[in-house]
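# Secondary and tertiary structure notes
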Amino acid sequence: MTDVILEKVGKTYPNGFHAIPSVDLSIEEGEFIVLVGPSGCGKSTLLRMVAGLESISTGELRIRGERMNDKEPADRDIAMVFQNYALYPHMTVYNNMAYGLKNRGMAKELIAEKVTDVATMLGLTELLQRKPRQLSGGQRQRVAMGRAMVRDPKVFLFDEPLSNLDAKLRVQMRVEIRQLQRKLGTTTLYVTHDQVEAMTLADRLVVLNKGKAEQIGTPMDLYNKPATPFVAAFIGSPSMNLLGANLTEQGIKVSDALTLPLSHRHRGSIVWGIRPEHLAVSDEQNADFALRIQAVESLGAETLIHGKIDTASGDGEPMVVRLSGPHLPDINSVMWLTAPAQHWHLFDAMTQQRL
Amino acid sequence: MTVTFPQKGLPWLLLLPQLLVTAVFFLWPAEQALEQAFYREDAFGLSREFVGLENFADLFSDPLYYQSLVTTLVFSFSVAIAGLSVALLLAVMADRIIRGKLAYQTLLIWPYAVAPALAGVLWWILFDPSMGPIALWLGAAGVEWNHYLDGNQAMILVVIASTWKQISYNFLFFLAGLQAVPRSLIEAAAIDGASPFKRFWTIVFPLLSPTTFFLLVVNLVYAFFETFGVIDATTKGGPGQSTTTLVYKVFDDGFVGLDLGGSAAQSVILMGIVGLMTVVQFRFIERKVQYS
């Protein structure tokens, strides 16, 4: 069953700024959708439009078939977790969680029961009488989630909820959010700029760029078949190697030092891409090209090698190679590499679309 | 950072101007008042005799003094509560507007720059029973206004005149306080189903309480001690004793009634009250109330 539908939803500010031209998205019940993109791409604006905190300029938002454009945030049956948690500082944890229920006129005993249930689920029972300032970052985060869960809404909205936590806690909370969402089965819309968070949490990802949805799909769809160079560069870490090239009779001419044989109908300038993990070490006879090594990042489990395609003039295109395990090649030495054809990504340089 | 001076003399030399001002304009008069409180002086200042605590005894057996104390309390709390309510209302409205915000805020701050006596004169003219526009308008509406005869009306007039000046000050603090309330809290409350009215009273107002408490004390102190000019310019403490606050009574008894000893004794009591209020201020207000 389709739960949330955004139909040609757009946002124009009174000063004429087109924050979001038009976004189409339909979310299935229980689905975990992540909106991801660089800062300023309109992802938070889109979320706030669903929440009712920003007006919708054009298009329509429907939740369970009901048009929501003109409804107050309180009447949309959504709950939101804010980046700074937005806990009421003068209320105890219990009252923070009970506030929304009290406003809806729920009976006291029922409120107590619901709050206790959710507090137990989140391990907050000991903290119910504390004020937010007496809590750690992770605990505040959990209270903010408890406040959202206790109302049992149709849709959860998360606005970069983990960005104020330290790296270790972030990983832990990420796993916890995913587990909770699976358990509750509540449709979720989650905003982040962190592609690792996006990849690990999402059932489906929406990659936003300048207010436009560049691609919507499962994390693996986006990884394997990015629709545009923007998505290709955004998903995956380190980023895909993307080089301007020319598609000719002979194949893909990346530079004087690198021509890859390929028969393709398309002619003209393209963007050729290959992920750092798909480049393979080879020997001089079989290699496609040579890389002049400039920097090595050893992470133990993997090694990232930064270099330039080796040319006589030394101004070859930069490339990153990712090898598993430890490697310690000399800086300025040459490394022979192959770029297997099944891992190539080709985009039209003009339309920015995948070929 | 600590600055050390090679000679012992220089620091004192640098402090001297401030110390002189304090000594001449604060310590000396205070000492004079304290001394005078124990003497009875004739009206021409030609002779005086030591009377011990008699001035204080007279004061505490004088029903007019207690009446003045009640007047002061009524006046001060009226000014503080009216000033805080109106300023909060204006600040909430100013916080919402987007266009012309700066102009609106600047205009609201102007009254604070008006001298108390001028503020008094301004309201005195507006409410003058024979020619003041507000008095005439009230007359047309069926309310007979004459604060020269009606003590309650006189009190209303001094409260309005004193409050008007203080609203700007309160407004500034409330506006700053409102702007410090994170937007996301209001948004969270909106999603939690609280009406705008409820959002204000359950979220915004509690978060403003440190500001409100600070302003309450500041306004009480203002109404107690700094409204002499307003009262003198509008009602001169009258009619009868109806707007004679403790501070006005010090002046009235001392310079009109020429009872310098009694006036000095009252000053000493006021000094005690100021001291007490300063302690309250430091104890409860300087201690920061913090939310994070």
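The rules we used
- Residues numbered from 1 in each chain as written.
- Chains lettered and ligands numbered in written order.
- Predicted model: local features only at pLDDT ≥ 70, side-chain atom pairs only at ≥ 80, totals over all residues.
- Helix = DSSP H or I, 4+ residues; strand = E, 2+ residues; numbered from the N terminus.
- Buried ≥ 20, exposed ≤ 12 C-beta atoms within 10 Å, placed from the backbone.
- Contact = placed C-beta atoms within 7 Å.
- UniProt positions renumbered as here; feature names shortened; annotations may be inferred.
- Pairing = 2+ DSSP bridges.
- Axes fitted to C-alpha atoms, helices over the stretch in contact; angles between N-to-C directions.
- Nonpolar A, V, L, I, M, F, W, Y, C, P; charged D, E, K, R; others polar.

## A few points about the overall build of chain B
On a plain count of helices and strands, chain B comes out with 12 helices and two strands. Each helix and strand of chain B, placed in order from N terminus to C terminus, yields the pattern α-β-β-α-α-α-α-α-α-α-α-α-α-α. Across the 292 residues in chain B, those meeting the buried criterion constitute 28%. Restricting to contacts in chain B with at least 6 residues of sequence separation, those with at least 24 account for 69%.

## Re the UniProt feature "transmembrane region" (unreviewed entry) in chain B
All names here are of chain B. What UniProt calls "transmembrane region" (unreviewed entry) maps, in this numbering, to residues 12-30, 64-90, 102-126, 154-178, 199-225 and 264-285. Taken as a whole, residues 12-30 contains 100% helix and 0% strand, while its terminal C-alpha atoms sit 23 Å from one another. A helix fraction of 100% and a strand fraction of 0% characterise residues 199-225, whose end C-alpha atoms lie 36 Å from each other.

## With respect to helix α11 (residues 246-256) of chain B
Looking only at α11(B), the buried set comprises L246(B), V247(B), Y248(B), K249(B), V250(B), D252(B) and D253(B). With its phi angle positive at about 55 degrees, L258(B) sits one or two positions after the end of α11(B).

## A look at the sheet that holds strand β11 (residues 241-248) of chain A
Neighbouring strands of a sheet are bound in pairs by backbone hydrogen bonds; such pairs are parallel or else antiparallel. Residues and elements named next belong to chain A. With respect to topology, five strands assemble into an open sheet ordered β13-β12-β11-β14-β20, the strand pairing being antiparallel. Edge positions in the sheet fall to β13 (258-260) and β20 (345-348), since each of these pairs with one other strand and no more. Within the sheet, the average angular offset between the axes of one strand and its neighbour, ignoring direction, is 35 degrees. Sheet analysis places β11 next to strand β12 (residues 251-255), joined by three bridges and oriented antiparallel. Bridge assignment links N246 to a residue of β12, and that residue is K253.

## Concerning the interface of chain A and chain B
Counting residues at the interface gives 18 residues for chain A and 16 residues for chain B. Taken together, the elements giving at least two residues each to the side of chain A that touches chain B come down to β6 (78-81) and α2 (93-103) of chain A. Of the residues contributing to the side of chain A that touches chain B, the split by class is 12 nonpolar, four polar and two charged.

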